[in-house]
Amino acid sequence: VDAFQAWCGPCKTVVDLFKKIRNEVGSNLLHFAVAEVDSIDALEGFRGQCQPAFLFYAGGELVAVVRGLNAPLLQKTILEQL
């Protein structure tokens, strides 16, 4: 989940990375979503930051967080969590 604030919008530059990885691992294993933290109480801890936060969920549980746009770390985290 790309957790973003309304004033900066979702991180569009990472979409291509997710598409590439999804094509490599199969579409049933990886899903990408965006969430505006200002409108979701459960994401209140991510408000007021000027960097994107990528939240990784498995089985409905938060299993990893990557802060900032670090493509190698995002790719590593995705593959580890799969």
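In case you missed it, the structure is sitting above this.
Just so we're clear, the structure is a prediction, and the values are computed from it rather than from any experiment.

*Asks:* So what's going on with the nonpolar core? Which residues, and what values?
*Replies:* In this structure, Cys11, Val14, Leu17, Phe18, Ile21, Leu30, Phe54, Phe56, Ala64, Val66, Leu74 and Ile78 together form the largest nonpolar core, which totals 12 residues. Counting only elements with at least two residues in this core, the list comes to α1 (15-25), β3 (53-58), β4 (61-67) and α2 (71-81). Discounting residues that sit within four places of it in the chain, Phe54 has contacts with Val1, Asp2, Cys11, Val14, Phe18, Ala64, Val65, Val66, Gly68, Leu69 and Leu74. Listed in part, the seven residues of the second largest apolar core include Ala3, Leu43, Ala53 and Leu55.

*Asks:* Lay out the packing of aromatic side chains in plain terms, naming residues and giving numbers.
*Replies:* What the rule picks out here adds up to two aromatic pairs. In this structure an aromatic cluster arises from ring pairing among Phe18, Phe32 and Phe54.

Conventions used here
Residues numbered from 1 in each chain as written. Predicted model: local features only at pLDDT ≥ 70, side-chain atom pairs only at ≥ 80, totals over all residues. Heavy atoms only, no water. Core = buried A, V, L, I, M, F, W, Y, C linked by side-chain atoms within 4.5 Å. Buried < 20%, exposed > 50% of the residue type's maximum accessible area, 1.4 Å probe, protein only. Helix = DSSP H or I, 4+ residues; strand = E, 2+ residues; numbered from the N terminus. Contact = heavy atoms within 4.5 Å. Phe/Tyr/Trp six-rings, centres within 6.5 Å; stacked < 30°, edge-to-face > 60°.

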